[in-house]
Amino acid sequence: MVYADLGNAKIEMIEPLPSNAALMRFLERHPEGGLHHLALSVDSLQDTCAGLSTHAVTPISAKDAHNVHGQAIAFVHPRHFLGALLELEEEI
């Protein structure tokens, strides 16, 4: 995993391990690679998820999920976001 820091945005480039089944499936379907997910920072993960659910969008995540930076996270299924997985990251 490596990041390109653009100041107000970061691009995360990863090569998945075989143990990461979701990313491996993505690469099987897209052998040339591509955009797997987009992450957005939010002030309150709970409030954001509640707001999304009022629009019939139910975030998916493991209970108490955190990213490599320790931020609480949730995901929005690609069917709700133009085919890309959306990651919500709560600011620490």
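Now for a look at the structure at hand.

Rules of the game
- Residues numbered from 1 in each chain as written.
- Predicted model: local features only at pLDDT ≥ 70, side-chain atom pairs only at ≥ 80, totals over all residues.
- Heavy atoms only, no water.
- Pairing = 2+ DSSP bridges.
- Helix = DSSP H or I, 4+ residues; strand = E, 2+ residues; numbered from the N terminus.
- Axes fitted to C-alpha atoms, helices over the stretch in contact; angles between N-to-C directions.
- Contact = heavy atoms within 4.5 Å.
- Phe/Tyr/Trp six-rings, centres within 6.5 Å; stacked < 30°, edge-to-face > 60°.
- Lys NZ or Arg CZ within 6 Å of the ring centre and 35° of its normal.
- Buried < 20%, exposed > 50% of the residue type's maximum accessible area, 1.4 Å probe, protein only.
- Polar contact = N/O pair within 3.5 Å; in protein donor to acceptor, adjacent residues only side chain to side chain.

A few points about the sheet that holds strand 5 (residues 85-90)
Strand order in the open sheet formed by three strands is 3-5-4, and the pairing between neighbours is mixed. Of all the strands in the sheet, the pair left with one neighbour each is strand 3 (37-42) and strand 4 (73-76). Neighbour to neighbour, the strand axes of the sheet diverge by 25° on average, direction disregarded. Two elements, strand 4 and strand 5, share four bridges in a ladder whose sense is antiparallel. Residue pairing across strands places Phe75 opposite Glu87, the latter belonging to strand 5. Relative to strand 5, helix 2 (residues 45-53) is tilted by about 145°, and along the sheet it contacts strand 3, strand 4 and strand 5.

Side note on the packing of aromatic side chains
Under the criterion given, the structure shown has zero aromatic pairs. Positioned above the aromatic ring of Tyr3, the side-chain terminus of Lys10 is 5.9 Å from the ring centre.

Let's talk about unusual backbone geometry
A positive phi angle is found at Ala56, which is not glycine, with a value near 65°. Within the secondary structure, Ala56 is located in the loop between helix 2 and strand 4. Within the chain, Leu82 stands out as a residue other than glycine whose phi angle is a positive 55°. Along the chain, Leu82 turns up in the loop between strand 4 and strand 5.

A closer look at the side chain of Gln71
For Gln71, the location among the structural elements is in the loop between helix 2 and strand 4. Classification of Gln71 as buried rests on a relative accessible area of 9%. Within the structure, the side chain of Gln71 is placed 2.8 Å from the side chain of Asn67, a separation counted as a polar contact. There is a polar contact of 3.4 Å between the side chain of Gln71 and the backbone oxygen of Glu90. Non-local contacts of Gln71, meaning those with residues more than four positions away in its chain, are made with Ala65, His66, Glu89, Glu90, Glu91 and Ile92.

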